[in-house]
Amino acid sequence: MVERYVMSIDQGTNSTRCILFDHRGRLVSVAQKEHQQHFPRPGWVEHDAVEIWQNLRRVVPDALSDAGADQGQVAAIGLANQRETTVLWDRRTGVPLGRAIVWQDTRTAPLVEELRKRPGEAFFLDRCALQPSTYFSALRIRWLFDHVKGVEQRAKDGEVLFGTMESWLIWNLTGGADGGLHITDATNASRTMLMNIRTLTWDDELLDFFGVPRSMLPEVRSSAETYGEARALLPGVSITAALGDQQAALFGQTCFSPGEAKCTYGTGSFLLLNTGGDLVRSRHGLLTTVAYQIGDQPPVYALEGSIAVTGALVQWFRDRLGLISSAPEIETLARTVEDNGGCYIVPAFSGLFAPRWRSDARGVIVGLTSYITKGHLARAVLEATGWQTREVVDAMNADSSVPLQQLKVDGGMTADNLLMQFVADVLDVPVVRPMVAETVSLGAAYAAGLAAGYWPGLEVLRRNWHRAAQWLPAMDPERRETEYENWQRAVERSLGWIRPPRAS
């Protein structure tokens, strides 16, 4: 009997990956290609959507070839994607109207301040459960309308389509300008500030407020259902799932029950707590988001703590400072010292996300003395990720009736044992990593396979989860709290750096 696989497409911030998984949730083959990061101005981050589509055209056949498989062995396709990144393109030609604006981009900060004053955070929290931030897609659409001549009128005339990366790729996979499907799923739509968090439909009041024509928006579908068949790359193969990357990781970690949580450590880090069918309103700076929706079942919700800069800080340490030549070297360098030497780094490169939401913050290094070496700086880089995780978990525990008992982790940074031990130490809970580290891709595959009947139900997926590593807390409680206080003092010094322009 010929083996069949589920194909997962993971379109991330730095690269596009195609992975084949088998019935036991094992990675069979992987192909990956990075795309260029564009930084045209301070705080601006852009991607070339056409480059990303071309990269997908390369990695799909590579993944099949590596597995010795053909497209007839692909049971279904699932997509995971970098969320909030905004693409506008011409409905007729399929040509993007400029580069995509990436989720890390902060050019909309002045608009955020306006929205907090008028109409105020309550207006948005009531409808989409999100507070104004440079993070979300609606503000990028509004910015493009206000700064790119003719785009708003073209959108009103029905000539322009909007999507996050999964919408862009599905549209191209299913025919593009020749009848491609213009769809998104509830997890991605919940990150736009345009979808009603209760009805999972585009909200008329939010559309009117931002001036976004409904005609440019994709149709909102569930996270796992048959959307249609591919016409490019894999003709005839069904596309059956799409999830934002962090929701996909929650699904891949099989956090299907309320109270289960995961944190993905990548360019940024994202901690999600399953709250089941309860729409929990955070009082401590977290986001309420759609975790997933399977077919016509009710949606499952989550609380999310989004940290903008974690792995990106290691990249900065490597590429901008040149203190290491590869990311894994940071652990070796950090182990040359016993502690941080009193040095703390707050990586507020794009402001601070959860739980503080301060776009006026900028990165600081505090506690510098002549004693500090690059080893101390390396340790401070890693510890910054641990302390930011602690802040999010504290907020989550304050919002939730049940304190976190265990944290499942995934992502590239989990290969750093020193970092993972530090996370366990500062959280004072066990930290566990699964056998399959590619949980974003696995979650998209799981959702696609469920919709296609490749897997019969969630319990089968739970049985596929196996622990690969565990870190237990070992830090002295008094030291933990003293160091946390020092971290919080460092964060206070990062705030208020960006000031509003003076009135003329």
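Because the structure is predicted, anything quoted here is derived from the model rather than measured.

**Overview of the packing of helix α10 (residues 311-319) against helix α12 (residues 374-399)**
- Two elements in contact, α10 and α12, have axes whose closest approach is 8 Å; the angle formed by their N-to-C orientations is 160 degrees. One way to sum up the angle between α10 and α12 is to call them roughly antiparallel. Here α10 and α12 pass one another in a crossing that is right-handed. Here L313, V314 and F317 of α10 lie close against α12, whose contacting residues are K374, L377, A378, V381 and A384.

**Observations regarding the layout of surface pockets**
- Taken as a whole, the second largest pocket encloses approximately 210 Å³ of empty space.
- Looking at the second largest pocket, it is lined by 15 residues, and the ones nearest its centre are R24, G25, V436, N464 and H466.
- Listed by contribution, the elements that provide at least two residues to the lining of the second largest pocket are α14 (439-452) and α15 (458-464).
- Among the elements that take part in the lining of the second largest pocket, α14 stands out by supplying three residues, more than any other.

**Structural notes on unusual backbone geometry**
- Omega for the bond connecting R118 with P119 falls within 30 degrees of zero, at 10 degrees, which places this linkage in the cis form.
- Residue P355 is bonded to the preceding A354 through a cis peptide linkage, with omega at -5 degrees.
- Positionally, P355 belongs in the loop between β17 (344-346) and β18 (364-366).
- A positive phi is found at E84, a non-glycine position, where the angle reads about 70 degrees.
- Note on placement: E84 falls in the loop between β5 (74-81) and β6 (87-90).
- A positive phi angle, close to 50 degrees, is found at W357, a residue other than glycine.
- Among the structural elements, W357 can be located in the loop between β17 and β18.
- Judged by relative accessible area, which is 6%, W357 ranks as buried.

**Regarding the UniProt feature "binding site: glycerol" (unreviewed entry) in the protein chain**
- The positions UniProt marks with the feature "binding site: glycerol" (unreviewed entry) are R83, E84, Y135, D245 and Q246.
- Since its relative accessible area comes to 2%, E84 is described here as buried.
- Setting aside chain neighbours within four positions, we find E84 in contact with I101, W103, Y135, F136, S137, R140, T164 and R191.
- Residue placement: Q246 occurs in helix α9 (residues 245-252).
- Since its relative accessible area comes to 4%, Q246 is described here as buried.
- If we ignore the near neighbours within four places in the chain, the residues touching Q246 are R83, K262, T264, F270 and L272.

**A look at the state of the cysteines**
- The tally for this structure, following the rule as stated, stands at zero disulfides.
- For the unlinked cysteine C255, the closest cysteine sulfur is that of C263, found at 11 Å.

**What about helix α2 (residues 109-117)?**
- Taken together, the buried positions of α2 are occupied by A109, L111, V112 and L115. Axial view of α2: buried residues confined to an arc of 150 degrees, hence all on one face. For α2, the exposed residues lying more than 90 degrees away from the buried face are P110 and K117.
- Summarising the contacts, the buried residues of α2 are in contact with α3 (121-128), α4 (137-147) and α8 (204-210).

**Things to note about the side chain of R480**
- Note on placement: R480 falls in helix α16 (residues 477-492).
- Within the structure, the side chain of R480 is placed 3.4 Å from the side chain of D428, a separation counted as a polar contact.
- Not counting residues within four places of it along the chain, the set of residues in contact with R480 comprises W387, R390, D425, V426, D428 and M475.

**Structural notes on the packing of aromatic side chains**
- Tallied over the full model, the rule gives 23 aromatic pairs.
- Seen from their ring centres, F123 and F124 are 5.1 Å apart, and the 90 degrees between their planes marks the pair as edge-to-face.
- Given a relative accessible area of 18%, F123 falls into the buried group.
- On the accessibility criterion, F124 (0% relative accessible area) is buried.
- Plain terms: the ring middles of Y454 and W455 are 4.7 Å apart, the flat faces sit at 90 degrees to each other, and that makes the pair edge-to-face.
- For W455, a relative accessible area of 2% puts it in the buried group.
- Joined through ring pairs, the aromatic side chains of W103, Y135, F136, F270, F353 and W357 make up one cluster.

**A closer look at the side chain of N196**
- With respect to the element layout, N196 can be found in the loop between α7 (186-189) and α8.
- Beyond its immediate stretch of four places on either side in the chain, N196 contacts R127, T201 and D203.

**A short note on the packing of α12 against α16**
- Two numbers describe how α12 lies on α16: the axes approach to 11 Å, and their chain directions differ by 95 degrees. It follows that α12 is roughly perpendicular to α16 by the angle criterion. Contacts between α12 and α16 pair E383, A384, W387, Q388, R390, E391 and D394 from the former with R480, E481, E483, Y484, W487, Q488 and V491 from the latter.
- Grouping the amino acids of the contact of α12 with α16 by side-chain chemistry returns five nonpolar, two polar and seven charged.

The rules behind the values
- Residues numbered from 1 in each chain as written.
- Predicted model: local features only at pLDDT ≥ 70, side-chain atom pairs only at ≥ 80, totals over all residues.
- Heavy atoms only, no water.
- Axes fitted to C-alpha atoms, helices over the stretch in contact; angles between N-to-C directions.
- Helix = DSSP H or I, 4+ residues; strand = E, 2+ residues; numbered from the N terminus.
- Parallel < 35°, antiparallel > 145°, perpendicular 65-115°, else oblique.
- Left-handed = near helix turned anticlockwise from the far one by under 90°.
- Contact = heavy atoms within 4.5 Å.
- 1 Å grid on protein atoms, 1.4 Å probe; cavity = no way out; pocket = protein on both sides within 12 Å on 5 of 7 lines; lining within 4 Å.
- Points joined across faces, edges and corners; volume = space filled by probe spheres on them.
- Buried < 20%, exposed > 50% of the residue type's maximum accessible area, 1.4 Å probe, protein only.
- UniProt positions renumbered as here; feature names shortened; annotations may be inferred.
- Disulfide = S-S within 2.5 Å.
- Arc of directions from axis to C-beta.
- Polar contact = N/O pair within 3.5 Å; in protein donor to acceptor, adjacent residues only side chain to side chain.
- Phe/Tyr/Trp six-rings, centres within 6.5 Å; stacked < 30°, edge-to-face > 60°.
- Nonpolar A, V, L, I, M, F, W, Y, C, P; charged D, E, K, R; others polar.

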